[in-house]
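Examining the three-dimensional arrangement
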Amino acid sequence: MNLPAPPPKLHWWCLWAVLCFVPTLFFHYVGEEGVYTLTSMEMWQRGEFRSTVMYGLTGGGGGRPPLFNWLMIPVAHMVGWDQVLLASRVVTVTATLGTGFITGWLAQQLWHDRSIAWMAALLYLLTADVLLYRGWLSYADPLFSMLVVLSLAQTWVACLRRSYPLLGAAMLAAFAALLTKALTAYLFLGAGMLVLLLDADCRRFLLKPQAWLIYVLALLPPLIWFSIGTQDNAQHNTMWTDVIGKVSFEDLTAYVTRLLVYPVDMFIRLLPVSFFVAYFFLRTREVMGAHDPFVKQCLLLALLNFLPYWLAPFGGPRYVLPIYPFLALPAAFLAVRHPGNLRIRYWLAGMLIIGMLTHLLAFPYYQRVVRGENYREMAQEIIEKYARYPLYASNDSSVGLSIVANINSLQWGMPALVRPPTDFQNGIVIAYTPDDVPGTLLRVLRNDIDVVYLICRGEACEADS
């Protein structure tokens, strides 16, 4: 059968996509990235590695497990703790590139076609949400996603190869995903296994006694971790509460609006992959189903994992990041084997150009003019004017976290800022509101559109006099 030729030299296109992420390593703080750098700095200073610590509190920073921090700490130690944000971005971007590699590897195992493998990896990296934001943002989600995708890919390939060691490795990857962020790692894996069970050959493999033994043994690492692994005794409760909180219902109008808006939002974020899949589906349903069963399985896996987050009253796009590769896989297969009139090269080149222009020009400009660079400037001002007094932090907003993280890294030789004791007699608190703690409002510190409040007690109140 003569197949249409895919875009040539896809490995060079992938290299271009990788290079698009390099400028993101040097962006200023965005959103709540400060949570992860703050916890890493405090864990290292206190020698506490089994639980996150933020503002002096064990379990601070949301009570998440510490695998992301474990990976970030040695990188920060190598590049210097004053560059801890760079260290966190190195981990995040590496995880994103790792997910692209895993996606390509799974494509190769399914279709034994290098063109599809390279295309799958490339399409994942060029997915708008990954390329322009989610793939470099230093939250736990990219690492969590990589480990979930690894677990699903290993399970699928284990079925193809009848490999129980690979199935065991998939269970370990799921546990690593739990150590990164949340219990939902097992929900993603469970939905993926349900899809695989629809296939007779996979079902025979996954339901054999050897496989059941692996499932039972896979329960041990989470149980051991929650019982003796972490010093944060409330961590498992926090993780369960986090899951349950996504299904709490409050406002019918908001819920209906979300049902309508969320899939549209996701379609835009998943461009061009979402457009490719929709194009092929609308052009001919036969292409989508009859030609290859793996296409159906990928789409069903993505759908089953998407539905709970779509139907839940709460939850943002980052929660479904692990399904992105399972849309890139069928899109890659269809783009290589059934491109039709879709000009794949123009889509790829367009996304690469948009990525480079955004990361080299647009976003640095935004951070210089709107917000990002101002966090560091505010931190430097606080250090220059008030560092001779005891400094504390009670501000958990994205602005406060970014400022405090900059302060801690800029004066790395000093202990990290902690929450103010109720009875502190002298010092300055970086607060979210002027009423955060009793004291005197020393200053409203503004820089562009962002503001924090400095509340003082004792001699520190004479700092501006």
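Please refer to the structure higher up on the page.
A brief look at the structure comes next.

The rules we used
- Residues numbered from 1 in each chain as written.
- Predicted model: local features only at pLDDT ≥ 70, side-chain atom pairs only at ≥ 80, totals over all residues.
- Heavy atoms only, no water.
- Helix = DSSP H or I, 4+ residues; strand = E, 2+ residues; numbered from the N terminus.
- Rg over C-alpha atoms; globule rule 2.2 N^0.38 Å.
- Buried < 20%, exposed > 50% of the residue type's maximum accessible area, 1.4 Å probe, protein only.
- Contact = heavy atoms within 4.5 Å.
- Areas by Shrake-Rupley, 256 points an atom, 1.4 Å probe, with all protein chains shown as cover.
- Expected span 1.5 Å × (residues − 1).
- Axes fitted to C-alpha atoms, helices over the stretch in contact; angles between N-to-C directions.
- Parallel < 35°, antiparallel > 145°, perpendicular 65-115°, else oblique.
- Left-handed = near helix turned anticlockwise from the far one by under 90°.
- Nonpolar A, V, L, I, M, F, W, Y, C, P; charged D, E, K, R; others polar.
- Pairing = 2+ DSSP bridges.
- Salt bridge = Lys/Arg side-chain N within 4 Å of Asp/Glu carboxyl O.

Before going further, it helps to spend a moment on the overall build of the chain. Along its length, the chain carries 21 helices and six strands. In terms of overall dimensions, the chain is globule-like: its C-alpha atoms have a radius of gyration of 24 Å, near the 23 Å expected for 465 residues. Taken along its principal axes, the extent of the C-alpha atoms in the chain is 85 × 50 × 50 Å. Within the span of the chain, comprising 465 residues, buried residues form 55% of the whole. A separation of at least 24 residues holds for 77% of the contacts in the chain among residues at least 6 apart in sequence. For the chain, the accessible surface area stands at approximately 20,300 Å², while carbon and sulfur atoms represent 64% of it.

What follows deals with helix 18 (residues 325-337). Here helix 18 contains 13 residues, and its C-alpha end-to-end distance of 18 Å stays within 8% of the 18 Å for a straight helix at 1.5 Å per residue. Extensive coverage of helix 18 is indicated by the burial of 13 of its 13 residues.

So, on to the packing of helix 8 (residues 164-180) against helix 11 (residues 209-218). Here helix 8 crosses helix 11 at 25°, and the two axes come no closer than 10 Å. With respect to helix 11, the axis of helix 8 lies roughly parallel. Pair helix 8 / helix 11 crosses with right-handed handedness. Counting all contacts with helix 8, which are made through Tyr164, Leu167, Gly168 and Met171, the residues of helix 11 involved are Gln210, Ala211, Ile214, Tyr215 and Ala218. Its residues assigned to classes, the contact of helix 8 with helix 11 comprises seven nonpolar, two polar and no charged.

Turning to the pairing of strand 5 (residues 440-447), a few remarks are in order. The pairing of strand 5 with strand 6 (residues 450-457) spans seven bridges and is antiparallel. Looking at the pairing, valine 444 lines up with tyrosine 453 of strand 6. Between the end of strand 5 and the start of strand 6, which pair antiparallel, lie two residues, with aspartate 448 showing a positive phi angle near 60°.

Moving on, we get to the pattern of salt bridges. Applying the stated criterion to the full structure yields 13 salt bridges. The partner of arginine 337 in a salt bridge is aspartate 113, and the shortest N-O contact between them spans 3.3 Å. Placement of arginine 337 in helix 18 and of aspartate 113 in the loop between helix 4 (84-111) and helix 5 (114-126) is noted, with a sequence separation of 224 residues between them. Taken together, the salt bridges that share partners define one network made up of Asp129, Arg134, Asp265 and Arg269.

A cis amide bond links leucine 271 to the next residue, proline 272, at an omega of 0°. Along the chain, proline 272 falls in the loop between helix 14 (252-269) and helix 15 (273-283). For tyrosine 55, which is not glycine, the phi torsion reads 55° and is therefore positive. Tracing the chain through its elements places tyrosine 55 in the loop between strand 1 (53-54) and strand 2 (57-58). For tyrosine 55, a relative accessible area of 1% puts it in the buried group. In the Ramachandran plot, arginine 162 falls in the positive-phi region, its phi being about 55° despite a non-glycine side chain. By relative accessible area, arginine 162 is classed as partly exposed at 41%.

Glancing now at the pairing of strand 6. Sheet faces and side chains relate simply in a regular strand, where the side chains alternate between the two faces. Within strand 6, seven of the eight residues are buried, which leaves it mostly tucked inside the rest of the structure. Two elements, strand 4 (residues 427-431) and strand 6, share five bridges in a ladder whose sense is antiparallel. Counterpart to valine 429 in the pairing with strand 6 is isoleucine 455.

As a further point, take the sheet that holds strand 5. In space, the four strands of this open sheet follow the order 3-4-6-5, with mixed pairing throughout. The open sheet has two free edges, formed respectively by strand 3 (391-393) and strand 5, since each of these has just one partner strand. Along the sheet, successive strands turn relative to each other by an average axial angle of 25°, direction set aside. Contacts from helix 20 (residues 373-386) reach strand 3, strand 4, strand 5 and strand 6, with the element oriented near 145° to strand 5. Along the sheet, helix 21 (residues 398-410) makes contact with strand 3, strand 4 and strand 6, crossing strand 6 at roughly 65°.

Mapped onto the fold, leucine 147 is located in helix 7 (residues 141-161). Judged by its relative accessible area of 9%, leucine 147 falls in the buried class. Taking C-alpha positions, leucine 147 is 20 Å from leucine 160, a pair spaced 13 residues apart along the chain. In contact with leucine 147, other than residues within four places in its own chain, are Leu67, Ala173, Ala176, Ala177 and Thr180.

Attention shifts here to the environment of arginine 258. Within the element layout of this structure, arginine 258 appears in helix 14. Separated by 156 residues in the primary sequence, arginine 258 and methionine 414 have C-alpha atoms spaced 46 Å apart. Those residues within four positions of arginine 258 in sequence are excluded, and the remaining contacts are Pro263, Tyr309, Trp310, Ala312, Pro313, Phe314 and Gly315.

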